[in-house]
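Inside the fold
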Amino acid sequence: MKAAARTKTPRKHAFKKASNNSLKDPVGVYCRVRPVGVSNQECCIEVISSTTVQVHSPDGYRIARNGEYKEVQYSFKEVFSTSISQKHVFDVVAKPLVEDLIRGKNGLLFTYGVTGSGKTHTMTGSPGEGGLLPRCLDMIFNSIAPFQAKRYVFKLDDKNGVEVQCEVDALLERQKREALPVPKTLGKRQVDPEIADMINVQDNCRLEDVDEDSVYSVFVSYIEIYNNYIYDLLDESPLDPTKPKFPQSKILREDQNHNMYVAGCTEVEVKSTEEAFEVFWRGQKKRRIAHTQLNRESSRSHSVFLIKLAQAPLNADGDNVLQEKELISLSQLSLVDLAGSERTNRTKAEGNRLREAGNINQSLMTLRTCIEALRENQTYGTNKMVPYRDSKLTHLFKNYFDGEGKVRMIVCVNPKAEDYDESLQVMRFAEITQEVEVARPADKPLCGLTPGRRFKNEAFREELSRQLEIRGGPVDGDRGPLVRELLLQNFPPVPSCELLDINDDQTLPRLIEVLEKRHHIRQNLSEEFAKNVLCVKNMLQELDASIVSKENFAQVKIAEREKIITGQKTEIERLEKKARTLEYKIDILEKTTAIYEEEKRNLQQELESKSQKLQRQVSDKRRLEARLQGMVTETTMKWEKECERRVAAKQLEMQNKLWVKDEKLKQLKAIVTEPKSNKPERPSREKDREKALQRSLSPPPVPNAPPVRLRHRRSRSAGERWVDHKPPSNIQTETVMQPQVPHAIMVTSANEKALAKCDKYMLTHQELASDGEIETKLIKGDVFKTRGGGQAVQFTEIETLKQESPTGRKRRSSPSSPRPPEEASESEWTDVETRCSVAVEMKAGSHLGPGYQHHAQPKRRKP
Ligand code: ADP
Ligand code: MG
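Residues numbered from 1 in each chain as written. Chains lettered and ligands numbered in written order. Predicted model: local features only at pLDDT ≥ 70, side-chain atom pairs only at ≥ 80, totals over all residues. Heavy atoms only, no water.

1. Quick notes on the packing of aromatic side chains
Overall, the coordinates contain eleven aromatic pairs when judged by the stated rule. Centre to centre, the rings of tyrosine 229 and tyrosine 231 are 6.3 Å apart; their planes meet at 45°, and the pair counts as tilted. Here tyrosine 229 falls in the partly exposed class, since its relative accessible area comes to 35%. Taken together, a centroid distance of 6.1 Å and an interplanar angle of 65° make the contact between tyrosine 761 and phenylalanine 795 edge-to-face. Of the two residues, tyrosine 761 sits in strand β23 (residues 760–768) while phenylalanine 795 sits in strand β25 (residues 791–802), which places them 34 residues apart along the sequence. For the residue pair tyrosine 761 and phenylalanine 795, the accessibility class agrees, reading buried in each case. Counting every residue linked through ring pairs, the aromatic cluster contains Tyr222, Phe277, Phe280, Trp281 and Phe305. The ring of tryptophan 281 is capped by arginine 288, whose NZ or CZ atom sits 5.6 Å from the centre of that ring. (Phe/Tyr/Trp six-rings, centres within 6.5 Å; stacked < 30°, edge-to-face > 60°. Buried < 20%, exposed > 50% of the residue type's maximum accessible area, 1.4 Å probe, protein only. Helix = DSSP H or I, 4+ residues; strand = E, 2+ residues; numbered from the N terminus. Lys NZ or Arg CZ within 6 Å of the ring centre and 35° of its normal.)

Okay, structure coming up:
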C-alpha cells in the first residue's frame, strides 16, 4: 500500500518510530457458523475442518437450475462451528487486538454477514453469553485496573488527541462536573440485571506484562452509521421526533496522524467494565428508540463502538503522571457490527425504507470496492484509487488500510438453505478480504525512565504509614481532616450568652461550664498536639537518622561501586590499548598481505607468460617435427625411386652386355661357318672386325672413372655450341657481370633435343648464401652422346657470381628478397641437384654419378 509509508498510530505519539512498514499482515478473516433455528432445516453450509467450510447448492436451487449441483470450499484463518463458545471466539479473534490496544496499537474488528447470521450475537452477545465487546472491556480493565489514572487526569481534546493534567486540576474538574446533575454512569448504583447478565464474563482474562509504570484511562464512544449519516448514540440531548433531521448527524475529520475521527462525538471516560457496558447499553437503547420513532430498519445500520485507551508514563519518583505530551499515547479499538449484507429485495423493504436500504447497501458496496481495489493494488502493483471517501463507513476506517493497524473480520453465516445465494456473496467477499495486507503497527518505544518506579513509591508510602501507625499517629494522611471534624464535633457548642433577665443565674454558669469544658478539651488537644508534634519530631529525627545511615550506607555502596567502576575503567583502558595494538598488528598484516598479493599477482603473470611461451615453443616444435617428417618421407621416396631407376639401368646394362656377347657369339659363329676360300685373308680381317666390334661394344664408362677426353668431340674449329639452361625461377640480378654465352641455345628446362645439338652445357643456378645474398652459380659441363643414344653431361667446373651489399645482411629482410628463409634453406640441398640432374641421362649407360642423374623434373615443394 502506498500510504503505508506514513507514520501514524497510536495517534499523538510524537516519537519517530522505527519504520517497520515492510512488515505486513493479511486481514485476519474468520468464519462463524450459527446453529440452525429449526431442527431438520435444510443446510447449505458444512464445516469440514477447523479452517474450511463447504457450501453446496440446496435442493430448491438445484430444481430451479435443472439439477445443477455446485460445491465450493472456502478456507479461513479459523472456522468456528456452531458448538464453539463465545470465549473461544474471543480468545482467538479479539484477545490479540486487546493486547495490541494496551501496547499502544490500533485495531479494527468487524462482523459481516446477512441479517440473522449472528453478527450482533458475536459482537455484543446474548444474555448469559457475553460477546466480544464486553469481553474486550473486561480484559482491558482486568489488565489496567491497578494502574488506572484518576478520573479527568487524561483529557481528550476535540482534535482526536489527548492531554494530561495534574491531579489537582483533575480534582477541580471533577468537583465542577459533579456539581452538575450527575450522569447516570457516574452514580454509584446497582448494575442493571440485564447488563449484569451480558457482562458476566468471569474469565479474568488479562494481559500479564502491562507496563506498570504508566497510568491508563479508557474512553468509549458509540456511533451509528445509517443512510450514510453518522449519529452519536451517547449524545444526551433529548430526542424530538418532529424534527426530521434530528438527531444531528456528525462529520468526519482527519487528525494530524491521518486517522479519521467523528468530530464532536461524545467520549465517556469509564473506570470499569460495568460502567463502560452501561454506556454502551444506553447508546443501544437510544438506537432502538430512534429506530422505532424514525421508522428505521435496524438491520440496515452499522454500529461502531470505539474504545480508546490513553496512557502516559509516571515520573521518575513514580508518584505523578509525566506531563510531556509526546509521551502520552492514545490507541483505539473499533468494534463494528455491520449492517446485513443481503440485497435490498430480500428484506422486502418498501418506500422510504427502500431508499435507506439502498444507501446502506451502497456503503457495504463501497467497502467491497475498496477491498477489491486494495487487493488489486497489492497483488498487481497497480496504483488504483481506493474510493474510501465514497462512504462514511470506509472513510472512517481509511487509515487502518492505508496506514497501519491490525484488522480482523468475522464472517457470520447462517447455514440455512434460504441464505445460500447471500452466503455465497459473503464467502466471496471474505475470500478477497483475506488477500489484503495491512502494515503491522510499530512497537511502542520505552520512555527511558527506570522501570519499577511505581512500586518503589508505593512501598515507600506503605512503610511511612506503618511507621506512623507504630507511633500512634494518624494512620493515613488523608484522614487528618476527618479527625479534626470528629474532634470539632466533640467540642460542646457554645450556648447563647445573651443575658435578658437580670436574675438569670443559669446562662453564665452554663457558659462558664462549657467554656471550662472547651478549655479542658483544648488543653487535652494541645497536649496531644504537643505529643504528636514530639512524636513526629522524633519520627523525623529517626527518619533523618535512618536517612543518614542509609545515606552513609549508600555512600559506602557508592564508594564500592566507584571502586568497581575504576577497576573496570582500568580494565577497559587496558583492553582498549590491547585493541589498538591488535589493530596496529592487523594493519601491518594487511599491508604485508597486500605486498604478498601483489607479488603473487606478478608471479602469476610471469608464470602465465612463460607457459604461453612454452606452449608456443611446443607448437613450433611440433610443426617442425611435422615438416621434418614430411621431408624424411619425401627423401625416402626420392631415394627409393632412385634405387629403382638404378636397378633398371643396371638391368639394361646387363642386357646390353648380354646383347654384345650374343653379337660376338654370332660373329664367331659366322667366322666359324665362313667358306675355306677366304681363309688366307682371315687373320687380318678378323682382327679388324674384332677391333671394330670391340670398339663399338666397349662397355660404357664406369661411373667413378676419371673423366676421359671426348671421343666424339665435334670439331673445335666449328666453334663450341652451348646450352644455356636458365630455370624460370631465377631472379634477375642487377650484377654488372652477367653470364653471357654467344650463339647459345637458351632453355628453361634441360631437354635432350637441345643437348643433342650442342657440346657444352651451362646451368645458371641461384641460391641464398649464408650471408643472405643471392649467389649465382654457373655450373658448366661437357655434353656426351651415350651409347644408348641419349645425352650425358659431365660437369667440369662451377663459376660463382656473388653480389655483396655494403649493408650486409640487411638485404635478407628487404622486400626484394624473393623467398622466405625456410624455402631458401630447403632449396640449398634439393634444387642444385634436381636442376642439374635434368641434364639428362634417359637411357642406360650414363657414366655420371648418381647425384647428377635424375629422370624426373625437379619437384617444387609447396611451402
Ligand atoms: P444479526 O446481528 O447478524 O442480524 P443476530 O446476532 O441478531 O444476527 O442473531 C440472530 C439470532 O440468532 C439471535 O437470536 C441470536 O441469539 C441467534 N444466534 C446467532 N448466532 C448464534 C450462535 N452462534 N449461537 C447461538 N445463537 C445464535
Ligand atoms: Mg444485528
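2. A short note on the sheet that holds strand β22 (residues 745–747)
Strand pairing within a sheet occurs via backbone hydrogen bonds; the two strands may be parallel or antiparallel. Taken together, five strands build an open sheet; the order of strands is β22-β21-β23-β24-β25 and the sheet is mixed. Looking along the sheet, the strands with just one partner apiece sit at the ends: β22 and β25. The sheet shows a mean angle of 25° between the axes of neighbouring strands, taken without regard to direction. (Pairing = 2+ DSSP bridges. Axes fitted to C-alpha atoms, helices over the stretch in contact; angles between N-to-C directions.)

3. Some remarks on the packing of helix α2 (residues 86–102) against helix α4 (residues 132–144)
In contact at an axis separation of 9 Å, α2 and α4 are set at 50° when each is read in the N-to-C sense. Taken together, the axis directions place α2 and α4 in an arrangement best described as oblique. Regarding α2 and α4, the two cross each other, and that crossing is right-handed. In this structure, α2 contributes Gln86, Lys87, Val89, Phe90, Ala94, Lys95, Val98, Glu99, Leu101 and Ile102 to the contact, and α4 contributes Leu132, Arg135, Cys136, Met139, Ile140 and Ser143. Class assignment of the residues belonging to the contact of α2 with α4 gives a composition of ten nonpolar, two polar and four charged. (Parallel < 35°, antiparallel > 145°, perpendicular 65-115°, else oblique. Left-handed = near helix turned anticlockwise from the far one by under 90°. Contact = heavy atoms within 4.5 Å. Nonpolar A, V, L, I, M, F, W, Y, C, P; charged D, E, K, R; others polar.)

4. Considering the site of ligand 1
In the vicinity of ligand 1, the contacting residues are Arg32, Arg34, Pro35, Val114, Thr115, Gly116, Ser117, Gly118, Lys119, Thr120, His121 and Ser126. Arginine 34 has a polar side-chain atom sitting 2.8 Å from an oxygen atom of ligand 1. A distance of 2.7 Å separates an oxygen atom of ligand 1 from a polar atom in the side chain of threonine 120. When the free accessible area of ligand 1 is taken as 550 Å², the share hidden by the protein chains comes to 69%. By residue number, the principal contributor to the shell around ligand 1 is helix α3 (residues 119–123), which donates three residues. (Near = heavy atom within 4 Å. Polar contact = N/O pair within 3.5 Å; in protein donor to acceptor, adjacent residues only side chain to side chain. Areas by Shrake-Rupley, 256 points an atom, 1.4 Å probe, with all protein chains shown as cover.)

5. A short note on the confidence of the model for the protein
Considering every residue of the protein, the mean pLDDT works out to 80; 78% of them sit at 70 or more. For residues 184–188, every residue scores under 50 in pLDDT, and the model assigns this stretch nine contacts once sequence neighbours within four places are set aside. (pLDDT = per-residue confidence, 0-100.)

6. A word on the pattern of salt bridges
In the structure shown here, the tally under the stated rule is 29 salt bridges. A salt bridge links glutamate 653 to lysine 657; its shortest N-O distance comes to 3.8 Å. You can see glutamate 653 and its partner lysine 657 sitting in helix α14 (residues 507–673), four residues apart, about one turn around the helix. (Salt bridge = Lys/Arg side-chain N within 4 Å of Asp/Glu carboxyl O.)

7. Re the sheet that holds strand β5 (residues 71–75)
With antiparallel pairing, three strands are arranged side by side in an open sheet as β3-β4-β5. The strands lining the two open edges of the sheet, one partner per strand, are β3 (45–47) and β5. Going across the sheet, the axis of each strand differs from the next one's by a mean of 25°, ignoring polarity. With five bridges joining them, strand β4 (residues 52–56) and β5 adopt antiparallel strand pairing. What sits directly across from histidine 56, in β5, is glutamate 71.

8. What about the packing of α4 against helix α7 (residues 273–293)?
Running from N to C, α4 and α7 point in directions that differ by 150°, and their axes come no closer than 9 Å. Looking at the two axes, α4 sits roughly antiparallel to α7. Our pair here, α4 against α7, has a crossing hand that is right-handed. Side by side, α4 and α7 meet where Leu133, Pro134, Leu137, Asp138 and Phe141 of the first sit next to Thr273, Ala276, Phe277 and Phe280 of the second. Among the residues forming the contact of α4 with α7, the class breakdown is seven nonpolar, one polar and one charged.

9. Observations concerning a nonpolar patch on the surface
On the surface, Phe460, Leu464, Val536, Leu540, Leu543 and Ile547 cluster together to form a nonpolar patch covering roughly 500 Å² of accessible area. Of all the elements in the fold, those that place two or more residues in the nonpolar patch are α12 (453–470) and α14. Among the elements that make up the nonpolar patch, the one with the highest residue count is α14 (four residues). (Patch = residues over 30% accessible without salt bridge, like charges linked within 9 Å, V, L, I, M, F, W, Y side chains within 5 Å.)

10. Some remarks on the side chain of lysine 271
Within the element layout of this structure, lysine 271 appears in the loop between β16 (268–270) and α7. Within polar-contact distance, the side chain of lysine 271 engages the side chain of serine 217 at 3.1 Å. Within polar-contact distance, the side chain of lysine 271 engages the side chain of glutamate 269 at 3.0 Å.

11. Digging into the UniProt feature "binding site: ATP" (unreviewed entry) in the protein
Per the UniProt record, the feature "binding site: ATP" (unreviewed entry) sits at Gly113, Val114, Thr115, Gly116, Ser117, Gly118, Lys119 and Thr120. By secondary structure assignment, the location of glycine 118 is in the loop between β7 (107–113) and α3. Owing to a relative accessible area of 19%, glycine 118 belongs among the buried residues under this scheme. Those residues in contact with glycine 118, other than ones at most four positions away along the chain, are Arg34 and Cys412. Note that threonine 120 resides in helix α3. Overall, the relative accessible area of 38% leaves threonine 120 in the partly exposed class. Ignoring sequence-local partners within four residues, the contact set of threonine 120 consists of Gly125 and Asp337. (UniProt positions renumbered as here; feature names shortened; annotations may be inferred.)

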